[in-house]
Amino acid sequence: MAVLIKGKDLSAKIVEKIRQEVLNQERKPTLVVIIVGNNPASRIYVSKKKHTAELAGFNSRVIELEESINQEDLEKQIEILNLDTNVNGILVQLPLPKHINAYAIIEKILPQKDVDGLHPVNIGRLAIGLKPYAISCTPYGIIKLLEENNIEIEGKHAVIIGRSNIVGKPLSYLLLNRNATVTVCHSKTKNLPEIASQADILVAAVGIPKFVKADWIKEEAVVIDVGINRMEDGKLLGDVDFEEVEKKAGYITPVPGGVGPMTIAMLLSNTLELFKLQNL
Ligand code: GUN
């Protein structure tokens, strides 16, 4: 039976450490989250981010904008926050409505305030092995989980299922920079089960419930489940068939309580780092 990697516990530890550090500061870090429209999942994520930021002693503000906002007005909003020296971190919750060019919006955020680490400057720095201002929160959280559990990365074959800009790609750079051999799979990949079964570290980030089956798993592999799929009955399911896979894997993250809480912990950690950088 696999060892459970409890992101919830590590996240609580990180948030508490941040809270202690902020407690001793005269000024508090300020995080601003922009949400556009009424996506119910986004609303839940954003309220969790705000709640946890306040728990850590941060100033936190959510700017709620109408679904119908145009590109220019959204960009103006970001420019105002870029210029506001009281704002340390800016996060635009994704996905954005279809009529908005999300890449152009992310590019408007000052890289020094991009708490999500999604600006091309930050992704680019990560890709060439330089220190970014911030590292994408979910991939960074996954690395912290591996480190906390003393799971070696160097020389291991890591297979990532999913090539998103928010998880798959930045995670591939983080793992490569730590000398893993990395394979990134996606919807056009052939022989996916065969490739997955070669993984020492398998990361599922596809958004399909129970997509990864037990016979795709190498004995004792480390299985990281990034999926958060809400079922009709309200239950959350990961991308991994947990009940079957946990019998075969060496380590596994649960859903909920695995990768999810780490994303928020790393968001706060990034906000604090940017705050310190801006107040040198
Ligand atoms: N939507 C889902 N996950 C994320 C995230 O980590 N950052 C942002 N900005 N939007 C998201």
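Residues numbered from 1 in each chain as written. Predicted model: local features only at pLDDT ≥ 70, side-chain atom pairs only at ≥ 80, totals over all residues. Heavy atoms only, no water.

Draft legend 1. Geometry of the sheet that holds strand 8 (residues 222-225). Pairing is parallel across the open sheet formed by 6 strands, whose spatial order is 1-11-8-7-5-6. In this open sheet, the two strands that pair with only one neighbour each are strand 1 (3-4) and strand 6 (181-185). For strand 1 and strand 11 (residues 251-252), the ladder comprises 2 bridges, and the chain directions are parallel. Considered in strand 11, the bridge of Leu4 is made with Ile252. (Pairing = 2+ DSSP bridges. Helix = DSSP H or I, 4+ residues; strand = E, 2+ residues; numbered from the N terminus.)

Draft legend 2. Local environment of the pattern of salt bridges. Tallied over the full model, the rule gives 12 salt bridges. Here Glu148 makes a salt bridge to Lys13, at a shortest N to O gap of 2.8 Å. Of this pair, Glu148 sits in helix 6 (residues 137-148) while Lys13 sits in helix 1 (residues 7-23), and the two are 135 residues apart along the sequence. The partner of Glu16 in a salt bridge is Arg19, with the nearest N and O atoms 3.0 Å apart. Linking Glu16 with Arg19, this pair stays in helix 1, spanning 3 residues, or about one helical turn. On the basis of relative accessible area, Glu16 is assigned to the partly exposed category, the value being 33%. Several salt bridges converge on common partners, so that one network encompasses Glu21, Glu273 and Lys276. (Salt bridge = Lys/Arg side-chain N within 4 Å of Asp/Glu carboxyl O. Buried < 20%, exposed > 50% of the residue type's maximum accessible area, 1.4 Å probe, protein only.)

Draft legend 3. Molecular detail of the environment of Lys188. Within the fold, Lys188 resides in the loop between strand 6 and helix 8 (192-196). Accessibility expressed as a relative area gives 62% for Lys188, which makes it exposed. Sequence separation of Lys188 and Tyr45 is 143 residues, and the distance between their C-alpha atoms is 30 Å.

Draft legend 4. Broad picture of the side chain of Asp239. Note that Asp239 resides in the loop between strand 10 (236-237) and helix 9 (242-245). Nearest to the buried, unbridged Asp239 among oppositely charged side chains is Lys213, at 11 Å. A polar contact is formed between the side chain of Asp239 and the backbone nitrogen of Val206, at a distance of 2.7 Å. Setting aside residues no more than four positions away along its own chain, Asp239 makes contact with Ala204, Ala205, Val206, Gly207, Ile208, Pro209, Lys210, Phe211, Val212, Asp225, Gly227 and Asn229. (Lys, Arg positive; Asp, Glu negative; His and termini not counted. Polar contact = N/O pair within 3.5 Å; in protein donor to acceptor, adjacent residues only side chain to side chain. Contact = heavy atoms within 4.5 Å.)

Draft legend 5. Region of the structure containing the site of the ligand. Residues in contact with the ligand, as listed here, are Lys49, Leu91, Val92, Gln93, Leu94, Asp116 and Ile166. Val92 places a main-chain nitrogen or oxygen 2.8 Å from a nitrogen atom of the ligand. In the environment of the ligand, a nitrogen atom lies 2.5 Å from a nitrogen or oxygen atom belonging to the side chain of Asp116. Contact with the protein chains removes 82% of the 280 Å² of surface that the ligand exposes when unbound. A class-by-class count of the residues in the shell around the ligand yields 4 nonpolar, 1 polar and 2 charged. (Near = heavy atom within 4 Å. Areas by Shrake-Rupley, 256 points an atom, 1.4 Å probe, with all protein chains shown as cover. Nonpolar A, V, L, I, M, F, W, Y, C, P; charged D, E, K, R; others polar.)

Draft legend 6. Spatial organisation of the nonpolar core. The biggest cluster of nonpolar side chains holds 47 residues, and the ones touching the most others in it are Ile18, Phe58, Ile142, Leu146, Leu175, Val203 and Ile224. With 9 residues, helix 10 (residues 259-278) is the largest single contributor of residues to this core. Beyond its immediate sequence surroundings of up to four residues, Leu146 is in contact with Ile151, Ile153, Leu175, Ile201, Val222 and Ile224. (Core = buried A, V, L, I, M, F, W, Y, C linked by side-chain atoms within 4.5 Å.)

Draft legend 7. Quick peek at unusual backbone geometry. Omega for the peptide link from Leu94 to Pro95 comes to 0°, which places this bond in the cis form. Omega for the bond connecting Val255 with Pro256 falls within 30 degrees of zero, at 0°, which places this linkage in the cis form. With respect to the helices and strands, the residue Pro256 is situated in the loop between strand 11 and helix 10. The residue Asn191 is not glycine, and still its phi comes out positive at about 60°. Relative to the helices and strands, Asn191 resides in the loop between strand 6 and helix 8. The backbone phi angle of Lys210 is positive, close to 55°, even though this residue is not glycine. When you line up the elements, Lys210 lands in the loop between strand 7 (201-204) and strand 8. For Lys210, a relative accessible area of 33% gives the class partly exposed.

Draft legend 8. Main features of the pairing of strand 7. Of the two faces of strand 7, both are covered, the one formed by Ile201 and Val203 as well as the one formed by Leu202 and Ala204. The pairing of strand 5 (residues 157-161) with strand 7 spans 4 bridges and is parallel. Across the sheet, the residue bridging to Ile160 is Val203, located in strand 7. Judged from the 4 bridges that link them, strand 7 and strand 8 form a sheet pairing that is parallel. Residue pairing for strand 8: Ile201 is matched across the bridge by Val222.

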